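Each chain, written out:
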Amino acid sequence: MASETIITVVGNLTADPELRFTPNGDPVANFTIASTPRMFDRQSNEFKDGATLFLRCSAWKKLGENIAESLQRGSNVVAQGRLKQRDFETKEGEKRTVVELDVDELGPNLRRATAVVTKNQSGGGFGGQQGQQQGGNFGNQQQAQQSSGWGNNASQGFSGGNDEPPF
């Protein structure tokens, strides 16, 4: 939709993602990303941290399950989603407004880590959001060498047929 605000945030998870289920059984992962800008101070000739943004996030269905299985506190991530504003009233009757990120895409920041990605098992649909996720082993080189997922060398990859494309 044209009226939605899409943003990308790079930062660290402040705690392990919390996976919950709605009354009708839909999974949702809730977590917070802390993003701290670094700026170069010409007067002191060094980098300094700016004010940290703590952004509450939610990811639904298989994406939420994959996040809860793959990431933990301190993981440096890149998240893209829709910024949502929500109004509510506290128990004391005070009106409050919060801004949250409804995550559409999330992955490890490979500038700061390595990752072993395990493709979801095909269960229909498109884009790998069906099936079971097993990844998230950042920096585990032994498992990277043992991985049987697609794309381990140039001769592997999309072969047509019922396979999903590697994108």
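Residues numbered from 1 in each chain as written. Predicted model: local features only at pLDDT ≥ 70, side-chain atom pairs only at ≥ 80, totals over all residues. Heavy atoms only, no water.

J.: Sorry if this is basic, but what is going on with helix α1 (residues 61-70) here?
T.: Spacing of three or four residues puts side chains on the same side of an α-helix, whose turn is 3.6 residues. Where α1 is concerned, the buried positions are Lys62, Leu63, Gly64, Asn66, Ile67 and Ser70. Along its buried surface, α1 packs onto β2 (18-21), β3 (27-35), β6 (53-60) and β8 (95-108). (Buried < 20%, exposed > 50% of the residue type's maximum accessible area, 1.4 Å probe, protein only. Helix = DSSP H or I, 4+ residues; strand = E, 2+ residues; numbered from the N terminus. Contact = heavy atoms within 4.5 Å.)

J.: In this structure, what is going on with unusual backbone geometry? I would like to understand it.
T.: Residues other than glycine predominantly adopt negative phi, and peptide bonds predominantly adopt the trans conformation. Backbone geometry places Asn45, a non-glycine residue, at a positive phi of 60 degrees. With respect to the helices and strands, the residue Asn45 is situated in the loop between β4 (38-41) and β5 (46-49). A positive phi angle, near 55 degrees, is found at Lys61, a position not held by glycine. With respect to the element layout, Lys61 can be found in helix α1.

J.: Would you take a moment to explain the nonpolar core for this structure?
T.: Grouped burial of nonpolar side chains is what soluble globular proteins tend to show. Core analysis: the biggest nonpolar cluster contains 16 residues, and Phe31, Ile33, Cys57, Ile67, Leu101, Val103 and Leu106 have the highest contact counts within it. The residues contacting Ile33, other than those within four sequence positions of it, are Val9, Gly11, Asn12, Leu13, Leu53, Phe54, Leu55, Cys57, Val77, Ala79 and Leu106. (Core = buried A, V, L, I, M, F, W, Y, C linked by side-chain atoms within 4.5 Å.)

J.: When you look at the pairing of β8 in this model, what are you seeing that I'm missing?
T.: It is a general feature of regular strands that their side chains alternate between the two faces of the sheet. The sheet contact formed by β6 and β8 spans 3 bridges and is parallel. Along β8, the bridge assignment pairs Cys57 with Leu101. Counting the residues in the hairpin turn of strand β7 (residues 76-89) and β8 gives 5 residues, including Gly93, whose phi is positive at 90 degrees. (Pairing = 2+ DSSP bridges.)

J.: Where do I start with the pattern of salt bridges in this structure?
T.: Between side chains of opposite charge, pairing is possible as soon as their charged atoms come close. Within the structure shown, the criterion is met by 10 salt bridges. Its salt-bridge partner being Arg82, residue Glu4 comes within 3.8 Å of it at the nearest N-O pair. One end of the pair, Glu4, is in the segment before β1 (5-13); the other, Arg82, is in strand β7, with 78 residues separating them in the sequence. Given the relative accessible area of 26%, Glu4 is considered partly exposed. For Arg82, a relative accessible area of 19% gives the class buried. For Lys84, the salt bridge goes to Glu4, with nearest N and O atoms at 4.0 Å. (Salt bridge = Lys/Arg side-chain N within 4 Å of Asp/Glu carboxyl O.)

J.: What is the right way to look at the pairing of β3 in this model?
T.: In terms of burial, β3 is largely enclosed, as 8 of its 9 residues are buried. Looking at chain direction, β1 and β3 are connected through 2 bridges and run antiparallel. The partner of Leu13 across the bridge, within β3, is Ile33. Inspection of the sheet shows β2 paired to β3 by 4 bridges, in the antiparallel sense. The partner of Arg20 across the bridge, within β3, is Val28. The hairpin formed by β2 and β3 contains 5 residues between the paired strands, and Gly25 there has a positive phi angle of roughly 95 degrees. As judged from the 8 bridges shared by β3 and β6, these two strands associate in the antiparallel manner. Bridge pairing in β6 links Ala29 to Ala59.

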